[in-house]
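Residues per chain, in single letters:
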Amino acid sequence: MRFRYSTPNPSQDEFDSLPYIPLILTYQSQSLEVTGLVDSGSTVSVLPNNIGMALGAMWDDTQAIIPLAGSLSRQQAMPLFINAEIPGCGVAKLAFAWARTDDIPIILGQTNFFMEFDIFFYRSQFEFEFRLKAEQRPSL
């Protein structure tokens, strides 16, 4: 399934667009429709604090703290596993570094988003494509 690159701000033009994707995140019995940034340069997938809280997750200081890098290096994060559905593409259990800040987008990174989905970028066409990884696809 192909998606168009987009911008979070309508005042930006197509050349500022990035690969954002609609997701339905489910944790325990709570679901939330969100948009995530597909980031092949990010080592981990990152979830902002407010999204984790809206899903009913509870911060636990006894959990392992995940070190973040780059502009998030001063933020604490803990592991949180959430089911993520890309409408039309399938569902996968994703491992997020749940950050203690709201000042970030949902980031879909190498661990483990890129391990669950095959992603193809067509930047010159402002499009990208997703497929559930081969061993999870239903047999034809």
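Our structure is the block above this text.
**Things to note about the overall build of the chain**
Here comes step 1: On a plain count of helices and strands, the chain comes out with 2 helices and 9 strands.
Here comes step 2: Listing the helices and strands of the chain from first to last along the sequence gives β-β-β-β-α-β-β-β-α-β-β.
Here comes step 3: A compact globule built from 140 residues should have a C-alpha radius of gyration of about 14 Å, and the chain, at 15 Å, falls within 12% of that.
Here comes step 4: The principal-axis extent of the C-alpha atoms belonging to the chain is close to 45 × 40 × 25 Å.
Here comes step 5: Looking at the chain as a whole, 41% of its 140 residues are labelled buried.
Here comes step 6: Across the chain, the fraction of contacts at a sequence separation of at least 24, relative to all contacts at a separation of at least 6, is 57%.
Here comes step 7: Accessible area of the chain: about 7900 Å², with a carbon and sulfur share of 51%.
Here comes step 8: Treating the 9 positive side-chain charges of the chain as one cloud and the 15 negative ones as another, the clouds have centres 5 Å apart.

**Focus: the pairing of strand 2 (residues 20-27)**
Here comes step 1: Pairing of strand 2 with strand 3 (residues 30-38) involves 8 bridges; the strand directions are antiparallel. Residue Thr-26 lies in a different strand from strand 3, and its bridge partner there is Ser-31.
Here comes step 2: Sheet analysis places strand 2 next to strand 5 (residues 77-86), joined by 3 bridges and oriented antiparallel. In the sheet register, Ile-24 faces strand 5, and the bridge partner there is Glu-85.

**Concerning the side chain of Asn-112**
Here comes step 1: Along the chain, the position of Asn-112 falls in the loop between strand 7 (106-108) and helix 2 (113-116).
Here comes step 2: Those residues in contact with Asn-112, other than ones at most four positions away along the chain, are Ser-45, Lys-93, Leu-94 and Ala-95.

**A word on the side chain of Thr-101**
Here comes step 1: By the element assignment, Thr-101 lies in the loop between strand 6 (90-99) and strand 7.
Here comes step 2: Looking at Thr-101, the relative accessible area reads 11%, which means it is buried.
Here comes step 3: Not counting the four nearest positions on each side in its chain, Thr-101 is found in contact with Pro-48, Asn-49 and Gln-75.

**What about the nonpolar core?**
Here comes step 1: Within the largest apolar cluster, 33 residues are counted, with the highest numbers of intra-cluster contacts made by Leu-25, Phe-113 and Phe-130.
Here comes step 2: Elements that contribute at least two residues to this core include exactly strand 2, strand 3, strand 5, strand 6, strand 7, helix 2, strand 8 (117-122) and strand 9 (127-132).
Here comes step 3: At 5 residues, the largest contribution of residues to this core is made by strand 5.
Here comes step 4: Judged by nonpolar contacts, the second largest core, of 8 residues, contains Val-46, Leu-72, Ala-97 and Ile-107.

**Focus on the pattern of salt bridges**
A side chain of one charge can pair with a side chain of the opposite charge when the charged atoms of the two come close.
Here comes step 1: Applying the stated criterion across every chain, the model contains 6 salt bridges.
Here comes step 2: Here Glu-116 makes a salt bridge to Lys-133, at a shortest N to O gap of 3.9 Å. One end of the pair, Glu-116, is in helix 2; the other, Lys-133, is in the segment after strand 9, with 17 residues separating them in the sequence. One exposure class covers both Glu-116 and Lys-133, and it is buried.
Here comes step 3: Across the salt bridge formed by Arg-131 and Glu-129, the nearest N and O atoms sit 3.0 Å from each other.
Here comes step 4: By relative accessible area, which is 37% here, Arg-131 ends up partly exposed.
Here comes step 5: Several salt bridges converge on common partners, so that one network encompasses Arg-2, Arg-4, Glu-14, Glu-127, Glu-129 and Arg-131.

Basis of the calculations
- Position labels on residues start from 1 in each chain and follow its written sequence.
- Only residues with pLDDT of at least 70 get local features here, since the model is predicted, and only at 80 or more are side-chain atom pairs given and counted; chain-wide, interface and lining totals rely on the full set of residues.
- With hydrogens and water set aside, each side-chain value is computed from the structure's full complement of heavy atoms.
- A run of DSSP states H or I qualifies as a helix once it reaches four residues; a run of E qualifies as a strand once it reaches two. Both are numbered from the N-terminal end.
- Atoms considered for the radius of gyration are the C-alpha atoms alone. The globule rule reads 2.2 Å times the number of residues to the power 0.38.
- Each residue's exposure class comes from its accessible area (1.4 Å probe, protein chains only) as a fraction of the maximum for that residue type: buried when under 20%, exposed when over 50%, partly exposed otherwise.
- In this description, contact between two residues means that some pair of their heavy atoms is separated by no more than 4.5 Å.
- Every accessible area reported is derived by Shrake-Rupley at a probe size of 1.4 Å, with residue values counting cover from the shown protein chains alone.
- Lys and Arg are tallied as positive, Asp and Glu as negative. Neither His nor the chain termini are counted.
- Charge positions are represented by NZ for Lys, CZ for Arg, CG for Asp and CD for Glu.
- Two strands qualify as a pair provided DSSP detects at least 2 bridges between them.
- In this text, buried Ala, Val, Leu, Ile, Met, Phe, Trp, Tyr and Cys residues form a nonpolar core when linked through side-chain atoms within 4.5 Å.
- Every case where a carboxyl oxygen of Asp or Glu lies within 4 Å of a side-chain nitrogen of Lys or Arg is listed as a salt bridge.

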